[in-house]
Structures are given as structure tokens and as C-alpha cells.
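Take a look at the letters that make up each chain.
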Amino acid sequence: MLGVGALYKMAVGHASGSSAESQELHPGQHVTLQRLAARPDLNGEAVEVIAKDPPTGKWRVKDKFGMIFILAAENLDVVPCGLDSSTRNPRFQQLSPSPPVPGQRMVVAGLDEGDLMGLEVEVVGLAPLPGMWQVKDLNSGTSIAVPVQFLTPIGDQTRQPHIKGAFEQWCDDTFASCDPPKDELTILLLGETGSGKSAFMNLLCNFPIVLRHGSEGVAQRVRDFRDLTHENDVNDSRTSKTDAVTEYKLAMGPLRLRIVDTPGFGHTGGPEVGKKHAKCIVDSIRKLGGVHAITIVFSGSQARVTPQLKSALFDIRAILPEEAWENIVVVFTNTPSRLHLTFGIEDLNKLLGHTVTPERQIFIDNPYVLWERSIQNQDRVDGRATCEDLAKAFTEAGHNLGNFVSEVVELPRLDTDEFRAASKQIQEKERLDKLHHKEKKHPQGVSVAYLHAKFKQRMKDDFPDFQSFADLGDFVWGEYGNRKDPPVDLLRHGTLIDPADGLRGVSLCHAIGATEDRADVVGDATLFVSWVWRYNIENFIDALYQYCCEHYLDPGRTFVWVCFFCNNQRLWLRPAPGAAPPLDVFGKTLRRIKRMICVLDCHNDPLYFKRVWTVYEVFVALHLGIKIEVTLFIEARTRFRNAVKAGDIGGFAAIDVMQAGASVPSDAEKIKEELRRDNAGPENVNRLVHNCVREGLQLLAARCLLQPG
């Protein structure tokens, strides 16, 4: 409970009508604002001294709405509030009833500090200190001294010791069914450069003032809104265009806010500056300890989702962990409601990769911008109509800011330890960007060493029930790519964002390159591998490793292009309208790599001949004049070598490309249609491929004869 001295300081201050320049101010003292040229409407307002502000030499003071100002001593006059009506500040006259009568029952009201608010008391008599009355707590019988302006008769509806302002009323309405949060609320602001983020932050800091302007305008207590001056002119300590993360702390009635402003994404300094900003933001977030609201600010006046905005969203998504999306609030500036948006929220949700619910969508049209326009147009428009429009604008802005603060109050605190993974995600994004850039120049492949040493073992540990790539593919993407629910996030390929289109889902090759600690697991493809998805995973990888050993190739520097890994299956299995046909993509890839190996499961009746893609790949490679080699599974190689040494290779299965199948039936039809139109015709294709593979096996046979054992 506040002591008599503290209550007296709150009510009285020092000498009547003296300038603060001639006296030393102290915390708790009540003074009035005077000689404010930029804000004449505030002159005469009663405020409470909080403390001196060392950086500026000025004083921090708080008004009845809880707003903090930093002002020079010359703008503060020490005036007693409640001692003598001849010297009393007119702003306090409404707070001071006629003197109480001993024995009268009264209630303590209008006192924002301590635990006396609402206390029912009985008047005992005058207290020793001027302007104070001795009263008795009706519940406990304790005798206390209370300033006269904080006492009102019980049931007296004609004189109230404290008239609630708009912000106080908002607090009462908001916290009618729950207590205000005891802890400081942390609000993180993210947004594209030029989105109005800093302006929104400043408007939020002035939330009680916006409410007051709106309520006064509606009640016609403001003669002309053109007499207003933007609050920034008074409170310059909270306005800043940030090049680095900056924190702002303020008390707002029962609320304590910490606003963390961040550099704008999509900065004109280019991608390198953007990466620097992202790292700076993540490092700063991790130091916060916790955050309640992650506020993403957009300009609602944009005609469309621009490439710059897409880039900014990619950067924002890269730093946010999955847990953070429950704390997202989106603010649209320069628009009073969703009806004024010039682009669809659904488009934004797709780019965010998250659906923002309507209650988390806040629309703000800065009323001070409209006020400035009214000044410019004051000679061309009706003043009364302008005031009505501005009153409406301030009321709407105050209502929408109230919705924002209400949402923030209800959000749970997010431990920023969740952001620890964000640093790694930024690295992954950088690697994906590099891979995407390199992919444009040359197809990327996975090193044989990685497949043999790491991927094969991972499949044994995580997916022991899946023997073939076809089984694994059906599990991850669904049969023929027709999986209705999200794909299994193998190697996190479904989580990562593709730089090409901004959607989740990249190739396994790019996922490996982005998430592996070693940078040499992915590189420019040196071998195009023609193979079959039905192959056993372990046997196929062992065959590639054996091929490297036979040809004296370093497995760590041999990067193979295998469609299972190197195609983005999200695009391949469900191509977007207008996407390049698979046949064109395949031919372009083969042409750029310029070397192909055919992996066969056996030499006499290989599954390889029964798949239309593999037959077509060999035919196209022959047509392009690309070098083709043949290798076998290790078990099949042993049998083949024994047959070669015994001089009994046996028969060689025929090829019928028109009877061959494919995992995706539509692919088979397209390839067969292509072959029908080709001058060579299906029969010649069968013969050419048959002869090519036979010659490859003959070379392999010669190598087998040279091997010992």
C-alpha cells in the first residue's frame, strides 16, 4: 500500500505555479505541460514525473493514459493539484469534489497506483498534510491518509473524481474477464523495406493517443483536428528508421511492451545485405529469451505480390521455425479493411506457407497521414466535414490497434530457443540458392561416396522394410505421385523452399546439398545414370561404387545424375500447367552431362529392357552421340564373369519398346508416340538399343577376363 508521503507527492508536488527549471524535479511529482509549441493541445495537461533521461538531460513523464514523454524542464510547471481552487490546474478541477464531511462514506477512485483503488472508506477528518484526508478502511479498520481528489461519495453519479479516458475504457473492456498480463509482452516486427513497418511501430507506441483523438473527435471536444501535431514531434525517442535490430520499451497503462524493430527485408543493398540482415535478426531473436507476437507488416496498397515481396517472404520464412507460426500476426498498412486490399490474402498465405486466420489479420490506415493531407487541402475542403472524417479515421485506427494489442495479449510466449535452428536454415537457404544458380549452368548430381557411405546406411536404419526405390518412392510421394496428404519428408526435401518458385519441396539432391555439413556431397553431374526404379536400393548403389573402382574414379568426386534424387518429384509427378515436357527436360539434361552408364540387374534377361524410359534413354544418347557404358549389379557381375570364363554367356533377351512399361503410364504413352513419329521407327529403336547394350556387355566381358580370380 502506498505511504502517505507517496500519495502526497502524487497529489501535490512542490510550490504552486513554479517552473521546473527553478526546482529540482523528483519521481512521483505531479506537474503540468506548458509552452509546447509543437503540441499546443497538450499544454495544461497534468503528468507525473518518472525519472531523468541521462542521454538527453530531459525528463521522462507519464500522462493519465500511461504514455511516456521525454521533455525539457522548461516545459514542465510544478502546480499543486487539490490544495487551493485559485491555483488549481483547470485539468484537475473535474477530479476534486467539495470537501468531505467526517463520518461520510466514500470510495477511493482515480488512483492508478497502489492497492487502494475501489476501497470503501469512512471519512475521519483532515490529515496533517495539506489536501489530505484521514479515512478509515471499512473492511480492516485501518486509518490512512488519501488526497482529496481521489475521494468520491458512494453512489454519487454527478461528481466523479476521475473521468476515464478512451484508453482506460479500452483496458476495462479488454480485461473485464481476465487480468492484464503481468509479464512484459515482446513484439517482433518483420517486414519488407517500405512496407510501413516503422510507421506502424510508432502508431502502436501512440495507441492511447490515437484512442483519445478518436474519442474527442466523436464527442466534438476537438475544435479542429488541424490543431493537432504528430506525436513524433513530442516523443522523438521512439522514432527510428532501423539499419540494425532496435528495442523499444514502454509502459502503456497496465501493459508493458517491448517492441523489437528489425531491418527491412528486400533491402535495396541486394541479396548480400538481405542475408546479413537475416543473420542479424536471428542472432538478436535468440538473445530475447522469448517473444509473444511475430508481426509481419505488409503494405496493403500494393497492386500485386511483387517479386520484391516474394523475395522478402522467402527470407522471412527462412528464419521462422515451424513453432513460430502460432504466434504470427499479419498487419496490412495503408488500408483500413480487407475490402481495400488490392491482392488476395490466399496468394499471401501460399507464399507464407501458412494460413493466417482472419482475427490475426490487422488492417491499419495511418490517421496522421490523413491529417497531414487535411492540412495541405484545408483551403479546398470543408473544415467541418474534414474533422468528421478525421474523427472516423482515428476511431477506426484506434479500434484496429486495439484488436492488434488484444491478439498479442492472448498469444503464448514462444521460447526463442526454437530459433536456434534458424541459423542452420539460413545456411541451408544460402546453399539452395547456390545450387539453384549452379543448376542453371550444369545439372547437379550426388556423389557416389555419399550414396555408398551414408544414404545406403540411412535407408537400412530408417526404412528397413523398403527394398526397392519404387517401394520407397510410393511411400514418400504416393503411387504415381498421387499422394493426397503431404509427402514424407525424406531428407527434409519436403520442408525446404525451392528458390525457383518459392514453394516447399525440392529435389533430394538439393536437400542433401543444403542439409549436409560437407559441401562436396553434391556437385556438377559427371555421369547420367540410366536405371530402373524397381532396383534394390543396396544393389544399385553398390553397382555404382563398383563402377567407380573399376574405372579408377574417385567416388567422392564422381557425381551421378539419378532421376530419383535429381528430379524435383513435386514438379515431375505433378507438373504445373505450362511446365516443360519430361522428354524435353531429360534430353537437355543428357546433352549437358555428355556421358551415360546403363545399370543392368542381369546380363541375359534384364529388367532394364522391360522399361520404356531406359530404352528411350539409350536411343536418345545414341542419337546425340553420347558415350554409353554398361555395368552390372555385383551379384550379376559374378555370374556374368563365370559365364564369360566358361565361354557360355547364354542367350540375350530381345527388346520390344512398344511393350515396355513405365511407373507413370502417361510417360509410356508419350514416349511411344514420340518413337512412332521418329524416322527410325520402333523396330530400328529395338535393334539399335539391343546392339548398344550388347557391345557394352562385350567390353565388360573383356574387363572381366582381365580381372584375377
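Small disclaimer: the values here were computed from a predicted structure and weren't measured.

1. Section: the overall build of the protein
- When you go through the protein residue by residue, the secondary structure sums to 22 helices and 25 strands.
- Looking at the protein as a whole, 51% of its 709 residues are labelled buried.
- Expressed as a percentage of contacts within the protein between residues at least 6 apart in sequence, the contacts between residues at least 24 apart total 72%.
- Summing over all exposed atoms, the protein offers an accessible surface of approximately 32,700 Å²; the carbon and sulfur share of this is 51%.

2. Considering the sheet that holds strand 17 (residues 328-333)
- Spatially, 13-14-12-16-17-18 is the arrangement adopted by the six strands of the open sheet, whose pairing is mixed. The open sheet terminates on both sides in strands that have one partner only, identified here as strand 13 (246-252) and strand 18 (361-364). Strand-to-strand twist of the sheet, defined as the mean angle between neighbouring strand axes without regard to direction, takes the value 25 degrees.
- Pairing geometry for strand 12 (residues 185-191) and strand 16 (residues 293-299), over five bridges, is parallel. Bridging across to strand 16, Leu-189 finds its partner in Thr-295.

3. Brief notes about the environment of Leu-401
- For Leu-401, the location among the structural elements is in helix 10 (residues 383-410).
- The sequence separation of Leu-401 and Phe-207 amounts to 194 residues, and the corresponding C-alpha distance is 6.8 Å.
- Non-local contacts of Leu-401, meaning those with residues more than four positions away in its chain, are made with Phe-200, Leu-203, Leu-204, Phe-207, Val-210 and Ile-364.

4. As for the packing of helix 19 (residues 612-624) against helix 22 (residues 681-706)
- The N-to-C vectors of helix 19 and helix 22 enclose an angle of 85 degrees; their axes lie 9 Å apart at closest approach. The angle between the axes of helix 19 and helix 22 places the two elements in the roughly perpendicular class. Together, Val-615, Val-618, Phe-619 and Leu-622 of helix 19 and Val-685, Leu-688, Val-689 and Cys-692 of helix 22 make up the contact between the two elements.
- Of the residues belonging to the contact of helix 19 with helix 22, the class tally is eight nonpolar, no polar and no charged.

5. What about the nonpolar core?
- With 86 residues, the main nonpolar core has Phe-455, Trp-531, Phe-540, Phe-565 and Val-599 as its most contacted residues.
- Each residue touching Phe-455, except ones within four places of it in the same chain, is listed here: Tyr-450, Phe-469, Leu-472, Leu-491, Ile-537, Ile-541 and Phe-565.
- Grouped together as the second largest cluster of nonpolar side chains are 50 residues, Val-49, Val-78, Ile-259 and Val-297 included.

6. Some words on the packing of helix 12 (residues 448-462) against helix 15 (residues 537-550)
- Viewed as axis vectors pointing N to C, helix 12 and helix 15 meet at an angle of 160 degrees, and their least axial separation amounts to 10 Å. Classified by the angle their axes make, helix 12 and helix 15 are roughly antiparallel. Every pair of crossing elements has a handedness; the one defined by helix 12 and helix 15 is left-handed. Here Val-448, Leu-451, His-452, Phe-455, Lys-456, Met-459 and Lys-460 of helix 12 come into contact with helix 15, specifically with Ile-537, Glu-538, Ile-541, Asp-542, Leu-544, Tyr-545 and Cys-548.

7. Structural notes on the pattern of salt bridges
- What the rule picks out here adds up to 18 salt bridges.
- A salt bridge links Arg-258 to Glu-184; the nearest nitrogen and oxygen atoms lie 3.7 Å apart. Here Arg-258, found in strand 14 (residues 255-261), pairs with Glu-184, found in the loop between helix 3 (166-174) and strand 12; they are 74 residues apart in sequence, far enough to count as distant.
- Using a relative accessible area of 12% as the deciding quantity, one classes Arg-258 as buried.
- On the basis of relative accessibility, which here comes to 22%, the residue Glu-184 falls in the partly exposed class.
- As a salt-bridge pair, Arg-595 and Glu-629 come within 3.1 Å of each other at their nearest N and O atoms. Taken as a pair, Arg-595 in strand 24 (residues 595-600) and Glu-629 in strand 25 (residues 627-632) lie far apart in primary sequence, 34 residues in all.

8. Description of helix 21 (residues 665-677)
- In this model helix 21 runs 19 Å from its N-terminal to its C-terminal C-alpha over 13 residues, within 8% of the 18 Å that 1.5 Å per residue would give.
- For helix 21, the full list of buried residues reads Asp-667, Ala-668, Ile-671, Lys-672 and Leu-675. Seen from one end, helix 21 has its buried residues packed into an arc of 125 degrees, which puts them on one side.

9. Some thoughts on helix 13 (residues 469-477)
- Listed in full, the buried residues belonging to helix 13 are Phe-469, Ala-470, Leu-472, Gly-473, Val-476 and Trp-477. Seen from one end, helix 13 has its buried residues packed into an arc of 160 degrees, which puts them on one side.
- Backbone geometry just downstream of helix 13 places Gly-478 in the positive-phi region, at approximately 90 degrees.

10. Examining the sheet that holds strand 20 (residues 444-447)
- Ordered by their spatial adjacency, six strands build an open sheet running 21-20-23-22-24-25, and the pairing between neighbours is mixed. The sheet is open, and its two borders are formed by strand 21 (522-524) and strand 25, each paired with just one other strand. When strand polarity is set aside, the average angle formed by the axes of neighbouring strands in this sheet is 40 degrees.
- In terms of strand pairing, strand 24 meets strand 25 through six bridges, oriented parallel.

11. Quick notes on unusual backbone geometry
- The residue Leu-491 is not glycine, and still its phi comes out positive at about 60 degrees.
- Inspection of the secondary structure assignment puts Leu-491 in the loop between helix 13 and helix 14 (508-515).
- For Tyr-552, which is not a glycine, the phi torsion comes out positive at approximately 55 degrees.
- When you line up the elements, Tyr-552 lands in the loop between helix 15 and strand 23 (559-561).
- On the basis of relative accessibility, which here comes to 78%, the residue Tyr-552 falls in the exposed class.

Reading the values: rules and limits
Residues numbered from 1 in each chain as written. Predicted model: local features only at pLDDT ≥ 70, side-chain atom pairs only at ≥ 80, totals over all residues. Heavy atoms only, no water. Helix = DSSP H or I, 4+ residues; strand = E, 2+ residues; numbered from the N terminus. Buried < 20%, exposed > 50% of the residue type's maximum accessible area, 1.4 Å probe, protein only. Contact = heavy atoms within 4.5 Å. Areas by Shrake-Rupley, 256 points an atom, 1.4 Å probe, with all protein chains shown as cover. Pairing = 2+ DSSP bridges. Axes fitted to C-alpha atoms, helices over the stretch in contact; angles between N-to-C directions. Parallel < 35°, antiparallel > 145°, perpendicular 65-115°, else oblique. Nonpolar A, V, L, I, M, F, W, Y, C, P; charged D, E, K, R; others polar. Core = buried A, V, L, I, M, F, W, Y, C linked by side-chain atoms within 4.5 Å. Left-handed = near helix turned anticlockwise from the far one by under 90°. Salt bridge = Lys/Arg side-chain N within 4 Å of Asp/Glu carboxyl O. Expected span 1.5 Å × (residues − 1). Arc of directions from axis to C-beta.

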